[in-house]
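What the coordinates show
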Amino acid sequence: MIASLHPILLFFAGALLLWVLPLRGRQALILLVPAAAFATITQLPHGTFYGYELFGFDLTLLRVDKLSKAFGYIFTINAFACFLFALHLKNRYEHTAALAYIGAALGAVFAGDLISLYLFWEVMAITSTFLVLARKTQRAYGAAFRYVMVHIFGGLCLLAGILLQVNATGSVAFDGFSLEGLPTYLILIGFLVNAAAPPMNAWLSDAYPEATVTGGVIMTAYTTKTAVYTLIRGFAGCEILMFVGCTMAVYGIIWAILENDMRRILAYSIMNQVGFMICGIGIGTAMALNGAVSHAFAHIIYKALLWMSAGAVLYLTGKSKCTDLGGLYKTMPLTMIFGTIGALAISSFPFLSGYTTKPMIIYAGVNEGLFWVWLILEIASAGVFLHAGIKFPYFVFFAKDNGLRPGEPPKHMLVAMAFLSFVCIFIGVYPQPLYDILPFGAVDYHAYTFEHTLNQFQLLMFSALAFFMLLPLLKRTETISIDTDWFYRKGGKLFYFGCDKIFNGINDFAARVFGQTVPSQLTRFFSDPSRNVQKYLVQMAAEATGDDSQVKRRNKEIDHRTKAQAYPIGGGVFLAVIFLAIMSILYFI
Amino acid sequence: MDSENKKPEVWTWFDHPQNIKRLKIGFYIVLALLVIPDFFMHKHSLFSSVEAWPGFYAFFGFVACVVIILVSKLLGFALKEREDYYDR
């Protein structure tokens, strides 16, 4: 039964329509599609629709409940802002990939069963790769290749898990799993690869910064947050996720502090923020899950905003390393202000969006008496301000003036950033509309008590103090930092080198022996077999008796006889006799 | 001022060393103002009474960041490589 329009149809239809429309039409289309999809999602009634049958299973493409709707809203709102930011792009290729990618992400969120989920999961991996490829640099090609390989690995884990799960239970239902046995572990690994959990985390900081200016902005929202959605749906309350989340929160900070490339700093801070969400999923209470959903919502907005400000800088200066940037506040004041709003929002500065969402997760942990979770997440909260809240704006827009005078980006970029800045402030000041769409019951959390706000200000401002006091230690260097991609980048090279040495060595040896040595000896032997056999026998006899005085004379005789052809039989017959003799001996043994 | 730069040099508020000094003093005043209320109010603690001490979160934030910076600095010795590390 078809109750209403499936929002992904708009995206996939839009991706096709792009190829027949002129520029103006395309610009209208990419804004209309997410707006229409958002409107569609607001009207979706709860329930499951778009059933179909595949491999004998009843599958559903559209499962609507509060959880899928919440992610549907934020995915489409963010898509609108991202396409507004990317309005200047003339080529169809990137927009097509982006529309299909976002459509697939929505498809995964609304998928009602494991098989549909898997199909959209893979479409997401493939379409997003094109956003990296579109950068058209050698580094981007390399990063895109590694990106798609890691996602194929994750996808295969997920597929294997799903198949085993279906085989074991006979059901394709995608609901809460209890983590036991190989199938659910494989599914969890598949999800965690997309969430950029260590050790499969390096694809994010490897590929996103190599994507195009606009592609990077779009990618930040969907892959990791779809994974967060699937983890909420499938593994809420799964304790191991608390450890994974805490690890990610700290890991992201440390690597972000080491990093020099501004977009790579922001990529690591995605990992850090997703860590908070995954930790919330691990805690698993209604408040923690609401915290994870609301934090995903707020995170998508301010992260896109941060990537837009970084993207605008990259677009205008062509540079993304902190060592090349600095002093941009002089000619890009608006971009600086928007970027700083994003940076403060991610640090959960009071009156901005992070503050009304992230502490909910920490508070939920406190309610459960989880001391270590509280400790690590508070440390990570201070660390966020350090690496994303101050480091990013400070080194890009202030710090040392490198003489870059780019000016402000095009108007549509500024409008997109202003829109997202507004949403950051709106959620920060008035979070109730966001709390109302949260799926796990009414929100009993009050961000703005005097004490809590004061504590947060203390935490953040003294983090800032630490930053400025230890600034000499944070000086940027023209380096990259080794991450877990080392294993497949250097490991891959080592494997290649090893295979090269071993197999090409065998090949060379075989070519030498069977291509040169053996044939040449055989040729020499068969050039005159009867003479050679006789000489060989003479040599053997001489060695056996230890008397080689006769060898020279005998050889001379043999040469003479051969030259004169003084044999009763030809060489061929001689050989045939010898072979027959050998064969008969072998036969009788 | 860099004289090589042909474009008109943008001379802003931040370029005056005097203003940076003012900014610093303002920053310290803000820090002090944030801690002072702690002495006059009852603070709740979540796990331990230490949290109720005045300026606990200020101290916590500062120490956490110093530790994070030092740890990443140390890790940096092992993890930082030249930019062409993977191309070699």
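Below or above, wherever it landed, is the structure these notes cover. (Residues numbered from 1 in each chain as written. Chains lettered and ligands numbered in written order. Predicted model: local features only at pLDDT ≥ 70, side-chain atom pairs only at ≥ 80, totals over all residues. Heavy atoms only, no water.)

**Observations regarding the side chain of S463 of chain A**
Its location among the elements puts S463 of chain A in helix α18 (residues 450-469). Take S463 of chain A: its relative accessible area is 0%, and that puts it in the buried class. If we ignore the near neighbours within four places in the chain, the residues touching S463 of chain A are A382, F385 and L386 of chain A together with G61 and C65 of chain B. (Helix = DSSP H or I, 4+ residues; strand = E, 2+ residues; numbered from the N terminus. Buried < 20%, exposed > 50% of the residue type's maximum accessible area, 1.4 Å probe, protein only. Contact = heavy atoms within 4.5 Å.)

**Quick word on the layout of surface pockets**
Put simply, the largest pocket is a space of about 1100 Å³. Along the wall of the largest pocket there are 28 residues; nearest its centre are Y394, F398 and F468 of chain A together with F14 and L23 of chain B. Of all the elements in the fold, those that place two or more residues in the lining of the largest pocket are α13 (333-346), α15 (371-397) and α18 of chain A together with α1 (17-35) of chain B. For the lining of the largest pocket, the residue count by class is 21 nonpolar, three polar and four charged. Put simply, the second largest pocket is a space of about 770 Å³. At the level of secondary structure, the elements contributing two or more residues to the lining of the second largest pocket comprise α6 (138-169), α8 (202-207), α11 (262-283), β3 (479-481) and α19 (485-527) of chain A. Looking at the lining of the second largest pocket, the element that brings in the most residues is α6 of chain A, giving eight residues. (1 Å grid on protein atoms, 1.4 Å probe; cavity = no way out; pocket = protein on both sides within 12 Å on 5 of 7 lines; lining within 4 Å. Points joined across faces, edges and corners; volume = space filled by probe spheres on them. Nonpolar A, V, L, I, M, F, W, Y, C, P; charged D, E, K, R; others polar.)

**Quick look at the nonpolar core**
The nonpolar side chains of a soluble globular protein tend to be buried, and buried together. Residues and elements named next belong to chain A. Judged by nonpolar contacts, the single largest core of 211 residues is most densely connected at F71 and L231. Among the elements that make up this core, the one with the highest residue count is helix α12 (residues 286-317) (20 residues). Counting contributing residues per domain, this core is built from domain 1 (1-222) and domain 2 (236-476), each supplying no fewer than three. Setting aside residues up to four positions removed in sequence, L231 forms contacts with L188, F191, L192, A195, A236, L241, I278 and I281. (Core = buried A, V, L, I, M, F, W, Y, C linked by side-chain atoms within 4.5 Å. Domains from an automatic or database assignment.)

These figures come from the coordinates and say nothing about function on their own.
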